[in-house]
Amino acid sequence: SYIIYYNRIQMLQFKLVLLGDSSVGKSSIVNRFVKDSFDEFRESTIGAAFLSQTVTIKEDNQDVTVKFEIWDTAGQERYKSLAPMYYRNSNAALVVYDITQADSLEKAQSWVHELKNKVDDDNLVIYLVGNKVDLTIDNAEKRVVDKTVAEKYAEENGLLFSEVSAKTGEGIQQIFQTIGEKLYEIRRKEDATNNSNMANRARGQVDIQLPRPSTNDSTSCCS
Ligand code: GTP
Ligand code: MG
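This text gives an overview of the structure that appears in the document. Note that this is a predicted model, so its numbers are computed, not measured.

This part covers the coordination of the magnesium ion (ligand 2). Protein coordination at the magnesium ion (ligand 2): the donors are Ser27 (OG) and Thr45 (OG1), at 2.0 to 2.1 Å from the metal. One end of the pair, Ser27, is in helix 1 (residues 26-35); the other, Thr45, is in the loop between helix 1 and strand 3 (48-58), with 18 residues separating them in the sequence. With respect to class, Ser27 is no different from Thr45; both count as buried.

Right under this line is the structure:
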């Protein structure tokens, strides 16, 4: 990811990956965010899908545009081995479960575990999402995952958390807005550190920082 300065409009770009069991609504969440649409009969994703969309962060003296490059992975078990390719260089991960499917939370937790073990980036933003709240509005008994249980798990593991509906759109935009703000804050701190390193270098001290691998290679990952 990189920064472009253009007439005092700042643009930041980040990679975001969606993970979670098949049919929890990952593609539906992305489509609500990117196209503001919903499909009752969406087909299960094959391999992965790539989409992009921006959010705007209001700063005191300028707007900051955050562009997300989104990898929507396939939740079916046979595609599981592809996932590391998509989460490896990610800045953020949306880990999705369905509040009407108990085992989908367990699956989400195993993805969180894998991310924490395999992604070597202390700044990775992980957001746990409980989808399909619309189903429980008239049918409270359809809920099988208690909100407070998921919330507590998220808190204990340093995750962001909310319940949403891709169908009604409730809470969808807010997920990406929150992640954008969080990543912007992280980037600002990194820039401050880099600037102080440059000042130290002028005084003869150098902190070695290894660059992250390029995230611009879109040709190597989706066959
Ligand atoms: P894979 O691609 O197989 O990993 O599944 P997915 O997680 O991308 O799920 P997808 O978005 O394809 O949604 C699965 C089914 O759930 C579809 O029939 C959607 O219409 C439905 N669905 C998704 N989100 C919601 C929601 O918020 N509410 C309701 N009622 N149905 C939803
Ligand atoms: Mg899908």
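Moving on to helix 4 (residues 147-156). Three or more residues of helix 4 are buried, namely Ala150, Tyr153 and Ala154. Viewed along the axis of helix 4, the buried residues span an arc of 100 degrees, placing them on a single side of the element. Projecting away from the buried face of helix 4 at angles above 90 degrees are the exposed residues Thr148, Lys152, Glu155 and Glu156. Against the buried residues of helix 4 lie strand 5 (92-98), helix 3 (102-118), strand 6 (125-131) and strand 7 (160-163).

Quick look at the packing of aromatic side chains now. Counted by the stated rule, this structure contains five aromatic pairs. Centre to centre, the rings of Phe33 and Phe68 are 6.4 Å apart; their planes meet at 70 degrees, and the pair counts as edge-to-face. Residue Phe33 is located in helix 1, and its partner Phe68 is located in strand 4 (residues 63-73); the two are separated by 35 residues in the primary sequence. Here Phe50 and Trp71 contribute two aromatic rings whose centre-to-centre distance is 5.0 Å and whose plane-to-plane angle is 55 degrees, an arrangement assigned as tilted. With Phe50 in strand 3 and Trp71 in strand 4, this residue pair connects regions lying 21 residues apart in the sequence.

Buried residues dominate strand 5, accounting for seven of its seven residues. Note on the crossover from strand 5 through helix 3 to strand 6: the handedness is right-handed.

Before going further, it helps to spend a moment on the site of ligand 1. Around ligand 1 sit 23 residues, and of these Ser22, Ser28, Ser44, Gly75 and Asp134 come closest. At 2.7 Å, a backbone N or O of Gly75 approaches an oxygen atom of ligand 1. The contact in question runs from a nitrogen atom of ligand 1 to an N or O atom on the side chain of Asp134, over 2.7 Å. Classifying every residue of the shell around ligand 1 gives five nonpolar, ten polar and eight charged.

It is worth spelling out the pattern of salt bridges at this point. All chains considered together, the criterion is met by twelve salt bridges. Among the ionic pairs, Lys80 bridges to Glu114, the shortest N-O distance being 3.2 Å. Placement of Lys80 in the loop between strand 4 and helix 2 (83-87) and of Glu114 in helix 3 is noted, with a sequence separation of 34 residues between them. Overall, the relative accessible area of 28% leaves Lys80 in the partly exposed class. For Glu114, a relative accessible area of 15% gives the class buried. Through salt bridges with shared partners, a single network forms among Asp21, Glu77 and Lys107.

Definitions and cut-offs
Residues numbered from 1 in each chain as written. Chains lettered and ligands numbered in written order. Predicted model: local features only at pLDDT ≥ 70, side-chain atom pairs only at ≥ 80, totals over all residues. Heavy atoms only, no water. Donors = N, O, S within 2.8 Å, 3.2 Å for Na, K, Ca; no water. Helix = DSSP H or I, 4+ residues; strand = E, 2+ residues; numbered from the N terminus. Buried < 20%, exposed > 50% of the residue type's maximum accessible area, 1.4 Å probe, protein only. Arc of directions from axis to C-beta. Contact = heavy atoms within 4.5 Å. Phe/Tyr/Trp six-rings, centres within 6.5 Å; stacked < 30°, edge-to-face > 60°. Right-handed = clockwise from strand over helix to strand, strands pointing away. Near = heavy atom within 4 Å. Polar contact = N/O pair within 3.5 Å; in protein donor to acceptor, adjacent residues only side chain to side chain. Nonpolar A, V, L, I, M, F, W, Y, C, P; charged D, E, K, R; others polar. Salt bridge = Lys/Arg side-chain N within 4 Å of Asp/Glu carboxyl O.

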